[in-house]
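Observations on the model geometry
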Amino acid sequence: MTDGDWREGGFIQRRPSVETLAWVAASMGRGSRIVGYRRLTGGVCSAVNRLTVERHGMRTFVVLRQYPGGLGLRGSLEKEIANLGVVAGSGLPVPSILATDVAGASTGGSPSLVMTRLPGHVHLTPAEPRSWMARIVEIAVLLHSLDLPAKMFRPWTDSWIAPLDGFQVPVDAQKPAVWKAAFGFMAEPPPKDTAVFLHCDLLPVNMLWSRGRITGLTDWNGIHRGSRAIDVGHCQRYLAALYSPGWSEQLRSLYESIAGVTLDPWWELYALLHYDDRAPKSIRSQVAGRCPFDVTGMTSRVEVAIETALGRLG
């Protein structure tokens, strides 16, 4: 299997194998059988399916996450398993681990994880955006208040951008000078900031909602301790790309008001700059048709958010 086949949907679109379904059934207890499955959309690095398990006449749902074998992705699953152990019992709405096959020994070589199914759905079309963002901020503040163990965040090691490789101005940038100015700040040593517990992928597509509240936080393979502006900035970037830079600013303002702190603009800018020419395609895959958005204006919206953060840096 090639990387292209995996990322273009060859693996993600495929139904769980008979071997995998037999492993899940065996993991769920004697007499269990899988009577249905449904692919969950939005993933870009793994295949995720909701499975219906029947046992003694009772049906329950579980979630199966699988990575393709042979691509060196076993480490991602190992991190998620370990991190779910860290946040278990924390008060956060997170799934519980039911079964693991990190080596893929029983699943055709695909590293696999079975988890409890959390209630709710991804919600990207809020009728009241401010209230929606306030709920996101509240879960972020709770997350950042937790005294949980995690490695300290290293900006050029624990991310996919690095100034040594040379930042690239997006091809459709309206103001290249804004991006270059931001890149210049990234060449400076990162400022020290209070280190808090971080999710490091705190995006709306990783949150489940039910009846106006967040009922689930998913994708737990990147926890660290570091500046809270990293989590908030990643969410800001997503809101700017998907909706408007105004939403990005509103999220920052709400966080500072509710948490009673001022976010460090260097770290905010750092998170915003995780946008590049690959972002529109990635975001479109994650959104998976859950809301309409203007792809052509995405870069310019993020550009405004970056320019605003630059203004706070002076």
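In this report, the structure presented in the accompanying data block is examined. These numbers were taken from a predicted model, which means no experiment stands behind them.

1. Considering the packing of helix 5 (residues 176-186) against helix 10 (residues 298-313)
- Look at helix 5 against helix 10: their axes get within 10 Å of each other, and the N-to-C directions meet at 50°. With respect to helix 10, the axis of helix 5 lies oblique. Taken as a pair, helix 5 and helix 10 cross one another with a handedness that is left-handed. Residue-level inspection shows V178, W179, A181, A182 and F185 of helix 5 in contact with helix 10, the latter providing T299, V302, E303, I306, E307, L310 and L313.

2. Notes on the side chain of Q66
- For Q66, the position within the fold is in strand 3 (residues 58-66).
- A polar atom in the side chain of Q66 sits 3.2 Å from the side chain of T20.
- Setting aside residues no more than four positions away along its own chain, Q66 makes contact with F11, P16, T20, S46, A47, T107, S110, P111 and S112.

3. Observations concerning the sheet that holds strand 1 (residues 33-39)
- With antiparallel pairing, five strands are arranged side by side in an open sheet as 1-2-3-5-4. Two strands bound the open sheet, and with one partner strand each, they are strand 1 and strand 4 (97-101). On average, adjacent strands in this sheet sit at an angle of 25° to one another, irrespective of strand direction.
- In this sheet, strand 2 (residues 47-55) lies alongside strand 1 in antiparallel orientation, the contact comprising six bridges. Bridging from a neighbouring strand, I34 pairs with V53 of strand 2.
- Packed onto the sheet, helix 2 (residues 18-27) meets strand 1, strand 2, strand 3, strand 4 and strand 5 (112-116) and runs at close to 125° relative to strand 3.

4. Some details on unusual backbone geometry
- Even without glycine at this site, C200 takes up a positive phi of about 75°.
- For C200, the position within the fold is in the loop between strand 6 (196-198) and strand 7 (207-210).
- At D219, a position not held by glycine, the phi torsion is positive, near 60°.
- Within the secondary structure, D219 sits in the loop between strand 8 (213-217) and strand 9 (224-226).
- Looking at D219, the relative accessible area reads 23%, which means it is partly exposed.

Rules used throughout
Residues numbered from 1 in each chain as written. Predicted model: local features only at pLDDT ≥ 70, side-chain atom pairs only at ≥ 80, totals over all residues. Heavy atoms only, no water. Axes fitted to C-alpha atoms, helices over the stretch in contact; angles between N-to-C directions. Helix = DSSP H or I, 4+ residues; strand = E, 2+ residues; numbered from the N terminus. Parallel < 35°, antiparallel > 145°, perpendicular 65-115°, else oblique. Left-handed = near helix turned anticlockwise from the far one by under 90°. Contact = heavy atoms within 4.5 Å. Polar contact = N/O pair within 3.5 Å; in protein donor to acceptor, adjacent residues only side chain to side chain. Pairing = 2+ DSSP bridges. Buried < 20%, exposed > 50% of the residue type's maximum accessible area, 1.4 Å probe, protein only.

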